[in-house]
There are 2 protein chains.
Amino acid sequence: MRADELAEDYPVVRLDSDAVRAAKTIATKKIPGLIVVDDGGAPYTVLPGSQVLRFVIPQYIQDDVALARVFDEKSTDELLRELRRVSVRDLLPRRQDVEDLPVVDCDASMIEVAAVMARFHSPLCVVLDDDRIVGAIRISRLMEQLLADVPADS
Amino acid sequence: MRADELAEDYPVVRLDSDAVRAAKTIATKKIPGLIVVDDGGAPYTVLPGSQVLRFVIPQYIQDDVALARVFDEKSTDELLRELRRVSVRDLLPRRQDVEDLPVVDCDASMIEVAAVMARFHSPLCVVLDDDRIVGAIRISRLMEQLLADVPADS
């Protein structure tokens, strides 16, 4: 089976998209992250949901989670207000921290898709037809197909 | 809202569970990974789907994905056959590579849950009542709740 047969429609945001809208897309579509494209529509990176939280939650709380106990509803609202002022570009790690993108061509085999996900520790692989995004393959969908003929009892 | 109100039932596997059955659970439940418990039922680690693929796909193919093109159906079957001989324990990275587990107590606040996911780059947080696993919170569920009162238009 080819990669484009496994690919599903997948939400895409632009670097200048509203950060709150991006976060709400993760929430409503129940997905672990989003595909980010540059101004020309070419794939730029994947924005994992945890990266949104890394922006919202101050570093000193990430370092010592027990400090989160002091945050009441009002200070939580203040943290979230920050998100309303920024775009997807501001949520991304510094450029040197951005890893290569997990992408495959549309005629890639399942093993190629598996190799890309394994290499990037990614639950998602973007499928390209030249530079156009055909969709994305979730790891659960790949495994379903890959293991279809493998019996569960060894 | 408390962590245990956000927690959903989530599949749990044991260290000695069948690896194929674990992989099939990821596929059928459409989840990015599994909670792994030790022989006493205490949380041990999270097994991301990509870690299963890292076991199946030889390192030299992860290093040079183009080599995956030479794998035909027969050699793909051989890779998968390996999975039938092992347990979940064998899929995990070496012990020193296993990170702390993203867990919170059942009375944790949303900010605590967010801080733990941010710290561990995790799309999932396990909720504990003492040592008993109440369930897990997916990042999409947390964001839905966290952003409920934040308007999308800034």
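Draft legend 1. Here's a closer look at the packing of helix 7 (residues 110–120) of chain A against helix 3 (residues 49–56) of chain B. Interaxial distance between helix 7 of chain A and helix 3 of chain B falls to 8 Å at its minimum, and their mutual angle equals 115°. Taken together, helix 7 of chain A and helix 3 of chain B sit at an angle that is classed as roughly perpendicular. For the element pair helix 7 of chain A and helix 3 of chain B, the recorded crossing hand is left-handed. Where helix 7 of chain A abuts helix 3 of chain B, its residues Ala114, Met117, Ala118 and Arg119 of chain A lie against Ser50, Leu53 and Arg54 of chain B. A breakdown of the residues in the contact of helix 7 of chain A with helix 3 of chain B according to their chemical character gives four nonpolar, one polar and two charged.

Draft legend 2. Representation of the sheet that holds strand 6 (residues 132–138) of chain A within the structure. Residues and elements named next belong to chain A. In space, the three strands of this open sheet follow the order 4-5-6, with mixed pairing throughout. The open sheet terminates on both sides in strands that have one partner only, identified here as strand 4 (103–105) and strand 6. Geometrically, the sheet is characterised by an average inter-axis angle of 30° between neighbouring strands, direction not taken into account. With six bridges joining them, strand 5 (residues 124–129) and strand 6 adopt antiparallel strand pairing.

Draft legend 3. Inspection of the relation of the copies chain B and chain A at higher detail. Here chain B sits on chain A after a turn of 180° about the axis and a move of 0.0 Å along it, with an RMSD of 0.0 Å. Given the turn and translation reported, the copies of this chain are related as if by a two-fold rotation axis. Distance from the rotation axis, computed per C-alpha, reaches its smallest value in chain B at proline 32 of chain B: 4.0 Å. Of all interface residues in chain B, 100% are interface residues in chain A too; the two copies therefore contact each other through one and the same surface.

Draft legend 4. A negative patch on the surface, seen in detail. Together, Asp72, Glu73 and Asp77 of chain A together with Asp149 of chain B give the surface a local cluster of negative charge. Relative to the elements of secondary structure, glutamate 73 of chain A occurs in helix 5 (residues 73–83). For glutamate 73 of chain A, a relative accessible area of 68% puts it in the exposed group.

Draft legend 5. Main features of helix 8 (residues 139–146) of chain A. Within helix 8 of chain A, burial applies to Ile139, Ser140, Leu142, Met143 and Leu146 of chain A. The buried residues of helix 8 of chain A occupy an angular sector of 160° when the element is viewed end-on, so they sit on one face. Contact partners of the buried residues in helix 8 of chain A: helix 1 (3–6), helix 7 and strand 6 of chain A together with helix 2 (19–29), helix 3 and helix 5 (73–83) of chain B.

Draft legend 6. Just the interface of chain B and chain A, in detail. Contact with chain B, which involves 56 residues of that partner, is made by 56 residues of chain A. Interface area for chain B against chain A, summed over the two sides, is near 5,100 Å², with a carbon-plus-sulfur share of 66%. Of all residues in chain B, Leu53, Arg84 and Ile111 of chain B bury the most surface against chain A, accounting for 13% of the area lost on that side. Scanning the region where chain B abuts chain A turns up 14 residue pairs in polar contact (both at pLDDT 80 or more).

Draft legend 7. Geometry of the pairing of strand 2 (residues 33–37) of chain A. Residue and element names in this part refer to chain A. In terms of residue burial, strand 2 counts as a mostly covered element, since five of its five residues are buried. Where strand 1 (residues 12–14) meets strand 2, three bridges bridge the pair, whose relative direction is parallel. When the sheet's bridge partners are listed, arginine 14 is paired in strand 2 with valine 37. Between the parallel elements strand 1 and strand 2, the chain passes through helix 2 (residues 19–29) in a crossover that is right-handed. Where strand 2 and strand 3 (residues 43–48) come together, five bridges link them in antiparallel fashion. Across the sheet, the residue bridging to leucine 34 is leucine 47, located in strand 3. Here strand 2 folds back onto strand 3, and the loop between the two strands holds five residues, one of which, glycine 41, carries a positive phi near 90°.

Cut-offs applied
- Residues numbered from 1 in each chain as written.
- Chains lettered and ligands numbered in written order.
- Predicted model: local features only at pLDDT ≥ 70, side-chain atom pairs only at ≥ 80, totals over all residues.
- Heavy atoms only, no water.
- Axes fitted to C-alpha atoms, helices over the stretch in contact; angles between N-to-C directions.
- Helix = DSSP H or I, 4+ residues; strand = E, 2+ residues; numbered from the N terminus.
- Parallel < 35°, antiparallel > 145°, perpendicular 65-115°, else oblique.
- Left-handed = near helix turned anticlockwise from the far one by under 90°.
- Contact = heavy atoms within 4.5 Å.
- Nonpolar A, V, L, I, M, F, W, Y, C, P; charged D, E, K, R; others polar.
- Pairing = 2+ DSSP bridges.
- Least-squares fit on C-alpha atoms with pLDDT ≥ 70 in both.
- Patch = residues over 30% accessible without salt bridge, like charges linked within 9 Å, V, L, I, M, F, W, Y side chains within 5 Å.
- Areas by Shrake-Rupley, 256 points an atom, 1.4 Å probe, with all protein chains shown as cover.
- Salt bridge = Lys/Arg side-chain N within 4 Å of Asp/Glu carboxyl O.
- Lys, Arg positive; Asp, Glu negative; His and termini not counted.
- Charge placed at Lys NZ, Arg CZ, Asp CG, Glu CD.
- Buried < 20%, exposed > 50% of the residue type's maximum accessible area, 1.4 Å probe, protein only.
- Arc of directions from axis to C-beta.
- Buried area = accessible area lost by both parts, 1.4 Å probe.
- Polar contact = N/O pair within 3.5 Å; in protein donor to acceptor, adjacent residues only side chain to side chain.
- Right-handed = clockwise from strand over helix to strand, strands pointing away.

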